[in-house]
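Residue-level structural notes
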Amino acid sequence: MKIRSTILVIIFVIFSRLTIIGGEGMWIPMLLQQMNEKEMQEMGMKITAEDIYSINKSSLKDAILLFGRGCTSEIISKDGLLLTNHHCGFGNIQKHSTVEHDYLTDGFWAMNRGEELPNPGLTATLLIEMRDVTDSILTAVDENMSMKDRQSVIKANIKRVTDNFEKGSKYKASVKPFFQGNAYYMMITEVFKDIRLVGAPPSNIGKFGGDTDNWMWPRHTGDFSLFRIYVNKEGNPAEYSEDNVPYQPKFYFPISLDGVEEGDFTFVFGYPARTNEYLPSYAIEMITEVGNPDKIELRETRLDIFKKYSNKDPEVRIKYATKDARVANYWKKMIGESGGVKRMNGIEAKQKYEDEFTHWASLSGNDQYAGLMPEFKKLYGELTPIKVAAHYMMEAGMAIEIVKFASTYAKLVELSKDKTKSVDEINKEIEKLKKQNIAFFKDYYKPIDEEVMTSLLRIYDNSLTTEFKPDFFNTIHNKYNYDYKAYTQYVFAKSMFDKEGRLSSLLDNYKSKSYKKIERDPAYIMAMEMGKLFKEKFRGNMTSINNSIDSLQRIYLKAQMEMKPDNHFYPDANFTLRVTYGNVNGYSPKDAVYYKHFTTLDGIMEKEDPDIYDYVVTDRLRELYETKDYGQYADKDGSLHVGFAASNHTTGGNSGSPVLNANGELVGVNFDRCWEGTMSDLMYDPNVCRNISIDIRYFLFIVDKYAGAGYLLDEMKLVSGE
Ligand code: ARG
Ligand code: ASP
């Protein structure tokens, strides 16, 4: 057992001595010294791997936190100020917003600590340490085991290892697979629970360019928001309390006033969520030529409806702001991703590589390796139709808000029918649902949902064969004669899931037989029919095919490492802390065109258009521009830099990540990628893949000069080499 992980480390160390491609790779902090330090220093880094990640002294990692469940944030002051993106804080900013106090539109600035706003449910998670536990997790795992047995042994081993750790510790532990399950690392973390909103720019700064500019460079978005971590008097994480005090971190980032220049070394330290860089061509084809186009069409339909109603009514716009941003974001990403793979001839490139692999495998004498590609082909052939049907269920059926909402009542029905459950358990569930109802109706607008339902049901019905469609389509065909609108009207007339009063009275007066009312509800019935179909037709098949694929992927990656011992392999992103590094760089998106590596306030004024929501510029910002009142935040060239592009390999989850210079000082906050490089989750192209960051001086300028919240700078450390 010992040998296995030692061999892996040796393989990695050997790789690290060899050539590197562009900025590709998301590296493991604890292996940085062995694998990347030398190269990072050759590229210009002046600090050491130990400065970045150490378990013996304070290091950069002590100032990086997973923000909520999907973004990264960094500590930038001695009193626990936490910097992340505007789009990461968006949901919380929206929760505090009303038509009277529209912090989304107007921005929000606490002018003292008393004005900072608590955000129940929001957490920030700090990594204390990571450990290689491969040997313990693979104990009693035999290469010839079935996938199912393998998984259950691994699961039990993970539980044993994390339980063991947590028993003697105030921290939490979790274990994740790396290198497609060839290695396992344990993450030891501390979770902060009192995170308060300190500041957010108005949307026409924080979301400048909106979804029009999203996933694109050149970019001029001031995509940041500021929070603060609070802890109890003992300095430990605690739920919100007035008595809590600002967190005193072991480390916080110094902020550089020097800016960046083309070619400068930078690195990004954060929480990339998911990449799939080692998929075979069959998978790439399924994703980019089948899955993405279907989902794009369904999302476009919803977005058009959101837009129609939001343009008419500012209250609806606020209600749907978060939903719209969420749907629009990956809608656009999928378009870019499919386009990018096509531009790279990605499928052909993978096929060519696979031919080479198969040739090598046949010579290797290893039958398992030689059989990989035909096996992949067979499995993806089986998976594709199931995936398509599942997409429609998620992106059409479950995109009807009342249907998805109704599905959350299934647990209450189940508890009510189960004679062994106590009244207490049922009441607890009722209380949970009551809270959820408030949140649901706060952001619900029935006319949108009705129109979404009619439109999506039509597409759903026309896109699949009968066996993959839920039963309610029979009703639509037979009773409503394919009249989707009439069926929608019937559901809305009869359902209680769009009627706040009826739903509250059901919960307030809940009796042992009340569940029958839920079971008779047409929105609930739709949800249950989909659930049934999923269980009967998809779930089993999907799980077993996916398990087989996972197992092949593990072997495939191991085989590739043997085939290409000089190649640089890194584990796919899995929502663990990673380092990625590259250079500040422009790029050429197409023939004869070159994009520079930075944007300025001048560009904001060029884009300004008072008639287009995404390009409105406030008088205050225009005034600062006209008087050129940039203070110490101006670049050497006299202009105010807003954003920059670099070749760091980032993905979703990296939003809000600190972008650091050769000294480990903060020069930017990552928030996006460029359009031509959006396929980097599947295939990275060093010529066009760029991450997009807000220039940290623009952040300081907005806080200080624009918002007049310069008092916040007193707790930060601003540095300049000049
Ligand atoms: N594209 C960036 C990222 O994936 C920014 C998203 C902000 N949301 C939006 N809909 N504009 O998250
Ligand atoms: N905008 C993304 C995020 O929210 C980052 C990316 O996908 O590049 O994490």
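These notes cover the structure that comes with them. Numbering of residues begins from 1 in every chain and follows the order in which that chain's sequence is written. As they are written, the chains are lettered A onward and the ligands numbered 1 onward, keeping that order. Under the rules for a predicted model, residues below a pLDDT of 70 receive no local features and side-chain atom pairs below 80 are neither given nor counted, while totals for whole chains, interfaces and linings still include all residues. Remark: hydrogens and water are excluded; side-chain values derive from all non-hydrogen atoms of the structure.

The next thing to look at is the site of ligand 2. Looking at ligand 2, the residues that line it are His-87, Trp-215, Thr-651, Gly-652, Gly-653, Asn-654, Ser-655, Phe-671, Asp-672 and Arg-673. Think of a polar contact as two N or O atoms within 3.5 Å of one another; within protein, one of them needs to be a possible hydrogen donor and the other a possible acceptor, and neighboring residues in sequence only count if both atoms come from side chains. Residue Phe-671 places a main-chain N or O atom 2.8 Å away from a nitrogen atom belonging to ligand 2. One nitrogen or oxygen atom from the side chain of Arg-673 is found 2.8 Å from an oxygen atom belonging to ligand 2. Burial of ligand 2 by the protein chains amounts to 93% of its free accessible area of 270 Å². Tallying contributions element by element places strand β20 (residues 666-673) first for the shell around ligand 2, with 3 residues. Ten residues, namely Ala, Val, Leu, Ile, Met, Phe, Trp, Tyr, Cys and Pro, are considered nonpolar, four, namely Asp, Glu, Lys and Arg, are considered charged, and the remaining ones, Gly among them, are considered polar. Tallied by class, residues from the shell around ligand 2 come to 2 nonpolar, 6 polar and 2 charged. Each residue is tested against the molecule or strand, and it is near if at least one of its non-hydrogen atoms lies within 4 Å. Per-residue and other accessible areas were derived by the Shrake-Rupley procedure at a 1.4 Å probe size, with only the shown protein chains allowed to occlude residues. Labels follow the DSSP assignment, with helices taken as runs of H or I lasting at least four residues and strands as runs of E lasting at least two, numbered in each case from the N terminus.

Below, the discussion takes up the pattern of salt bridges. One speaks of a salt bridge when a side-chain nitrogen belonging to Lys or Arg is within 4 Å of a carboxyl oxygen belonging to Asp or Glu. Scanning the model with the defined rule gives 43 salt bridges in all. Of the charged contacts in the structure, one is a salt bridge between Glu-356 and Lys-564, with a shortest N-O distance of 3.1 Å. One end of the pair, Glu-356, is in helix α13 (residues 346-364); the other, Lys-564, is in the loop between α24 (522-563) and β14 (578-583), with 208 residues separating them in the sequence. Take Glu-356: its relative accessible area is 39%, and that puts it in the partly exposed class. Given the relative accessible area of 22%, Lys-564 is considered partly exposed. Its salt-bridge partner being Lys-417, residue Glu-519 comes within 2.5 Å of it at the nearest N-O pair. Of this pair, Glu-519 sits in helix α23 (residues 515-520) while Lys-417 sits in helix α17 (residues 410-417), and the two are 102 residues apart along the sequence. On the basis of relative accessible area, Glu-519 is assigned to the partly exposed category, the value being 30%. A residue is classified by how much of its surface remains accessible, and Lys-417, at 42% relative accessible area, is partly exposed. Buried means the residue's accessible area, taken with a 1.4 Å probe over protein chains only, is under 20% of the maximum for its type, while exposed means over 50%, and partly exposed covers the values in between.

Moving on: the side chain of Thr-384. With respect to the element layout, Thr-384 can be found in helix α15 (residues 372-395). Classification of Thr-384 as buried rests on a relative accessible area of 18%. Any two residues whose heavy atoms approach within 4.5 Å at even a single point are treated as in contact. Setting aside anything within four residues of it in sequence, one finds Thr-384 in contact with Met-286 and Val-290.

Before going further, it helps to examine the site of ligand 1. By nearness alone, every residue bordering ligand 1 is listed as His-87, Lys-207, Asp-211, Asn-214, Trp-215, Ala-325, Asn-329, Ser-655, Phe-671 and Asp-672. Asp-211 is positioned such that a nitrogen or oxygen atom in its side chain is 2.7 Å from a nitrogen atom of ligand 1. Within the backbone of Ala-325, one N or O atom sits 3.1 Å away from a nitrogen atom of ligand 1. Residue assignment for the shell around ligand 1 shows that the elements contributing at least two residues are α12 (314-343) and β20. Of the residues that constitute the shell around ligand 1, the class distribution is 3 nonpolar, 4 polar and 3 charged.

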